[in-house]
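# Observations on the three-dimensional arrangement
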Number of protein chains: 2
Amino acid sequence: MAEELFLGIDIGGTDTKIGIVNGAGSILEKRSIKTESKDGPGQLADRVYIECQTLANCMKSSLNDIKAAGIGAPGVIDVKNGVVIFSPNLQEWKNAPVAEMFNKRLNMICALENDANVAAWGEKWAGAGKSIAAKSMVMITLGTGIGGGVIINDDIWHGRDNVAGEIGHMIIEVNGVKCGCGGFGCVEAYASATAVARRFKEAANDGMDITAEDVYNKAAKGDELAAKIMRDTGAYLGVAIVNIMHILNPDVITIGGGMSAARTFLEPSILTEINKRAYKVAGERTKVVFAELGNDSGIIGAAGWARNILETSA
Amino acid sequence: MAEELFLGIDIGGTDTKIGIVNGAGSILEKRSIKTESKDGPGQLADRVYIECQTLANCMKSSLNDIKAAGIGAPGVIDVKNGVVIFSPNLQEWKNAPVAEMFNKRLNMICALENDANVAAWGEKWAGAGKSIAAKSMVMITLGTGIGGGVIINDDIWHGRDNVAGEIGHMIIEVNGVKCGCGGFGCVEAYASATAVARRFKEAANDGMDITAEDVYNKAAKGDELAAKIMRDTGAYLGVAIVNIMHILNPDVITIGGGMSAARTFLEPSILTEINKRAYKVAGERTKVVFAELGNDSGIIGAAGWARNILETSA
């Protein structure tokens, strides 16, 4: 019997990654193209279609052999209707029926989802949640901002208005610093890459410009201030994680995104906060793990989500 | 056809309330007895059994006509096995098979649940969530402490270790004041009745002892300091509510418990924080409402939960 195959399409503000994924969550072929978001979703769908054909050809297969496609896109998604309602990273894409546009080209079921949600699904299915067969998971994605995804009862939880999982805007300081969202005291304003760079600059107060990666590298080389900033970042994340334990008590909380590479500094402070603040039973039993799929979580998660849609609707 | 009847048993640290509830969520008969928690759950079950017979007699009915009983108890409950694992309010009840003890006396399906969870279920079924047919709800119970319940997809969400819904211990100030749970900066340490009294005493600094109810009464009579304390309490709650919107984006967030009587002061500040901090779509569409069932939410919710168990297992 031929292997079941799924397409995973991970649309980002800059790049769109495309892969063919098997039923076990392994990528068989993948490539990346520029998103050129000003072209609109129809043109992107045209270009993705061509890439998908190439990928299938590379495998001596055809698009007809692929069961379904999952599409992850940033922003607020109307999942039921497959529409990108609004996306800060794809500003021209307003109320865009993206699932339908891809379906017309690819001629298969196309499931549109929020990018953080599919990344969470990928980690649950084939990454950090796999070995413990997690049924509930919250993923926190650390990058320029902080995103997240919530999985409950083996299903992505969207909430009433498709805006659940905005972990980055959980308030951890009532009168805290201003956040990009317009609010203040959000965990994103303390623990995102942007916030790490800002907090280091404020503390060093030497007029030098610096990125979060620079702060990490300094810390790795023994710079005490940089190490403190990274450790404090872990403590802020630890507080957010304890809050998730108190509200949802999920099987697993997964930390992913580019800044999760700073694990050496983040993890000990996260665990310290959990020990100090969490309920004993939740603190001991909830797994707090780092993501395993790296940049592939979007492709794998989108494909896995398409597979799940197909299975649960069968 | 005879009306469907359910028993709702709401076990508190001091009093145990018992009621017969119909399929529409109305209490037909109810009474209250002392819990005498040192006697242990078996003795309480004996006394509840007698009261239940009396209630049924009052209705010219018998226990045989009652379909199932729901039991709400404070503490950590192993819902699957019907066991009270541990309860700060019922200190002798450790690993107590309460569902089985009640089942032996009442001779009907007995579903044991956490008391805050059944109160939430009651509000969803027959109170604040009824008119909008809410499928997801978070209830915040304001009393001496702050409790909560989470309902997702028409089901109580327990989490991995039956400790989900601990809304009171959501941290809103990283380095905030010490909380009874051992942590610090929890919303309970700012917005519970205990915290309201403490914050007023600290602000007045006149050596007078005062309760949260006194603070409310002073505020209602125009005392500006008391009014400010109450308004700030609403702001702390507003922050917790915005966090729930960001993480879960539920259909409705319900505020109950004794201190919700201070609605006049709490509600405007809650709404101000939502306007300032929530995502527009969630802030506008998520209903934030006050509980409607008052002290009956435990009886009605326990009975309704038993009804739900019966229906979903049929």
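The following refers to the structure shown. Every residue gets a number counted from 1 within its own chain, in the order that chain's sequence is written. Chains and ligands are labelled by the order in which they are written, letters from A for the one and numbers from 1 for the other. Per-residue local features are limited, in this predicted model, to residues with pLDDT of at least 70; the limit for side-chain atom pairs, both in listing and counting, is 80 or more; totals at the level of whole chains, interfaces and linings are taken over all residues. Hydrogens and water molecules were not included; the side-chain quantities draw on all heavy atoms of the structure.

## A closer look at helix H8 (residues 263-277) of chain B
Counting along an α-helix, one turn takes 3.6 residues, and residues three or four places apart therefore face a common direction. Residues and elements named next belong to chain B. Here H8 is 15 residues long and its end C-alpha atoms lie 20 Å apart, about the 21 Å a rise of 1.5 Å per residue gives. Buried means the residue's accessible area, taken with a 1.4 Å probe over protein chains only, is under 20% of the maximum for its type, while exposed means over 50%, and partly exposed covers the values in between. Note on conventions: DSSP H or I runs of at least 4 residues are helices, E runs of at least 2 residues are strands, and numbering of each starts at the N terminus. Of all the residues in H8, the buried ones are Phe-265, Leu-266, Ser-269, Ile-270, Glu-273, Ile-274 and Arg-277. An end-on view of H8 places all buried positions within 150° of arc, on one side of the element. Residues Thr-264 and Asn-275 are exposed on H8 and point more than 90 degrees away from its buried face. Elements that come into contact with the buried residues of H8 comprise strand S8 (137-142), helix H6 (212-220), helix H7 (224-248), strand S11 (252-256), helix H9 (280-285) and strand S12 (287-290). The length a helix should cover is 1.5 Å for every residue beyond the first. Taking the helix axis as origin, the arc is that swept by the directions to the C-beta atoms. What makes two residues a contact is simply this: any of their non-hydrogen atoms within 4.5 Å.

## Focus on the relation of the copies chain A and chain B
Expressed as a screw operation, the relation of chain A to chain B combines 0.0 Å of axial shift with a rotation of 180°, fitting to an RMSD of 0.0 Å. Both chain copies can therefore be described as sitting about a two-fold axis. Looking at the interface residues of chain A, 100% of them are also at the interface in chain B, so both copies use one shared face. Alignment of the copies relies on least squares applied to C-alpha atoms, considering only residues that score at least 70 for pLDDT in both.

## Side note on the packing of aromatic side chains
Only rings of Phe, Tyr and Trp enter the pairing, Trp through its six-membered ring, and a pair is recorded when the two centres are within 6.5 Å. The plane angle decides the type: under 30 degrees is stacked, over 60 is edge-to-face, the rest tilted. Inspection of every chain in the model, using the stated rule, returns 6 aromatic pairs over all chains. Seen in terms of ring centroids, Tyr190(A) and Tyr236(A) are 4.7 Å apart; in terms of plane orientation they differ by 40°. Their pairing is tilted. Of this pair, Tyr190(A) sits in helix H4 (residues 188-191) while Tyr236(A) sits in helix H7 (residues 224-248), and the two are 46 residues apart along the sequence. When sorted by exposure, Tyr190(A) lands in the same class as Tyr236(A), which is buried. Seen in terms of ring centroids, Trp121(B) and Trp305(B) are 4.9 Å apart; in terms of plane orientation they differ by 75°. Their pairing is edge-to-face. Here Trp305(B) lies in helix H10 (residues 297-313) and Trp121(B) lies in helix H3 (residues 115-126), a separation of 184 residues in the sequence. Side by side, Trp121(B) and Trp305(B) carry an identical accessibility label, which is buried. Whether a charge sits over a ring depends on NZ of Lys or CZ of Arg being within 6 Å of the ring centre and within 35 degrees of the ring normal. Geometry around Trp121(A) places Lys124(A) over its ring, the cationic atom sitting 5.1 Å from the centre.

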